[in-house]
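Examining the three-dimensional arrangement
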Amino acid sequence: MVLEYKVEGGDFTQAGNVSSSVKKVLKQLGINPVVIKRVVVALYEAEVNIVAHAYRGVVTATLDDEGIRIVLDDEGPGIASIEQAMVKGYSTASKEVREMGFGAGMGLPNIKDNADEFTITSKVGVGTRLDIYIHYV
Amino acid sequence: MTVKEVVEKMGLKVFSGEKGLDREVLGGYTSDLLSDVMGHAKEGEIWVSLQTHKNIMAVAGLKDLAAIVLVKGLQPEEDTVAVSNEEGLPILGTDEQCFEFTGKLYALIHN
Ligand SMILES: Nc1ncnc2c1ncn2[C@@H]1O[C@H](COP(=O)(O)OP(=O)(O)OP(=O)(O)O)[C@@H](O)[C@H]1O
Ligand SMILES: [Mg+2]
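Residues numbered from 1 in each chain as written. Chains lettered and ligands numbered in written order. Predicted model: local features only at pLDDT ≥ 70, side-chain atom pairs only at ≥ 80, totals over all residues. Heavy atoms only, no water.

Notes on the interface of chain B and chain A
Every contact between the two is made by 19 residues of chain B and, on the other side, 20 residues of chain A. Summed over both partners, the interface of chain B with chain A comes to about 1600 Å²; 55% of that surface belongs to carbon and sulfur atoms. On inspection of chain B and its partner chain A, the count reaches two salt bridges. Across the pair B:D64 and A:K23 runs a salt bridge, and its minimum N-O distance is 2.9 Å. On the surface where chain B and chain A come into contact, there are 11 residue pairs in polar contact (both at pLDDT 80 or more). Counting residues per element, the ones that place at least two in the side of chain B that touches chain A are helix 2 (34-40) and helix 3 (55-62) of chain B. (Contact = heavy atoms within 4.5 Å. Buried area = accessible area lost by both parts, 1.4 Å probe. Salt bridge = Lys/Arg side-chain N within 4 Å of Asp/Glu carboxyl O. Polar contact = N/O pair within 3.5 Å; in protein donor to acceptor, adjacent residues only side chain to side chain. Helix = DSSP H or I, 4+ residues; strand = E, 2+ residues; numbered from the N terminus.)

Here it is as structure tokens:
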């Protein structure tokens, strides 16, 4: 099963919608609740990063027999140093975004903690791609 | 303990999401950082916060939290209330500040 969603940069009123939809599907399929929780945390953070830091993106979730692969591809400023971006507490979020309680610099670390596989590639001035895999067990 | 019992024992205001007042409360988590709550709060916890915008509902819903409590007399925004009612996930309120309220809630839940 392949699910595809679009995410608009800057539109915080829609943030979390992709995660909610995927959560519903996984619940209907009877996936282990512990696994659903991990998917939800990783996907939410990745989705919000497109909203907060990029212009627009596409989320593709592919369910196979062993797990779920989620690829988030965005058009945006990209990340100059992925190593730095992965540090807990590092954030370039604007003041407005921080006042909403985003921008703690914990999103990427949360994704890493909850994913079995996590690859991030980025090109400055072009965009960022996250590839996450989470096993059902 | 249910959300309703917490409301009664602590004299909380119920802004919205009345359908969810019978949810079971398993603990609490106090934070104003969304990705902190996303990463560390657990199912069934009451989330104590200063944040009033719609994104708190997305986080609370995705994490299956029991309810949200806004401190210091803060009020939820209109679109936050709408989602709370749709999902039956209560938003509650207190005039107390974070420290006092969290302490009392901790004592109530852990006794
Ligand atoms: N999709 C993206 N496009 C461009 N930059 C990104 C993207 N995702 C993350 N970043 C960069 O990496 C930094 C760290 O990301 P991370 O998700 O850990 O924290 P944050 O989004 O700033 O805050 P939080 O997730 O805690 O609300 C961001 O501040 C931003 O500079
Ligand atoms: Mg983030």
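Some words on the packing of aromatic side chains
Residue and element names in this part refer to chain A. Per the counting criterion, the structure on display carries one aromatic pair over all chains. Between the aromatic rings of F12 and F102, the centroid separation amounts to 5.0 Å while the plane-to-plane angle is 35 degrees, which identifies the pairing as tilted. Here the residue F12 occupies a position in the loop between strand 1 (2-8) and helix 1 (17-28), and F102 occupies one in the loop between helix 4 (95-99) and helix 5 (107-114), the gap between them amounting to 90 residues. (Phe/Tyr/Trp six-rings, centres within 6.5 Å; stacked < 30°, edge-to-face > 60°.)

Remarks on the site of ligand 1
The immediate surroundings of ligand 1 are formed by 20 residues, with A:H53, A:S91, A:T92, A:G103 and B:S35 found nearest. For ligand 1, an oxygen atom lies 2.8 Å from a polar atom in the backbone of A:M106. Between A:L108 and ligand 1, the recorded distance is 2.9 Å, taken from a backbone N or O atom to an oxygen atom. Taken by itself ligand 1 offers 600 Å² of open surface, and the protein chains cover 96% of this. (Near = heavy atom within 4 Å. Areas by Shrake-Rupley, 256 points an atom, 1.4 Å probe, with all protein chains shown as cover.)

Observations concerning the pairing of strand 4 (residues 67-70) of chain B
All names here are of chain B. The alternating pattern of strand 4 places A67 and V69 on one face and I68 and L70 on the opposite face, and all of these are buried. Sheet topology places strand 3 (residues 45-49) next to strand 4; four bridges connect them, and they run parallel. Within strand 4, the residue paired with I46 across the bridge is A67. For the crossover from strand 3 across helix 3 to strand 4, the handedness is right-handed. With three bridges connecting them, strand 4 and strand 5 (residues 91-93) associate as parallel partners. (Buried < 20%, exposed > 50% of the residue type's maximum accessible area, 1.4 Å probe, protein only. Pairing = 2+ DSSP bridges. Right-handed = clockwise from strand over helix to strand, strands pointing away.)

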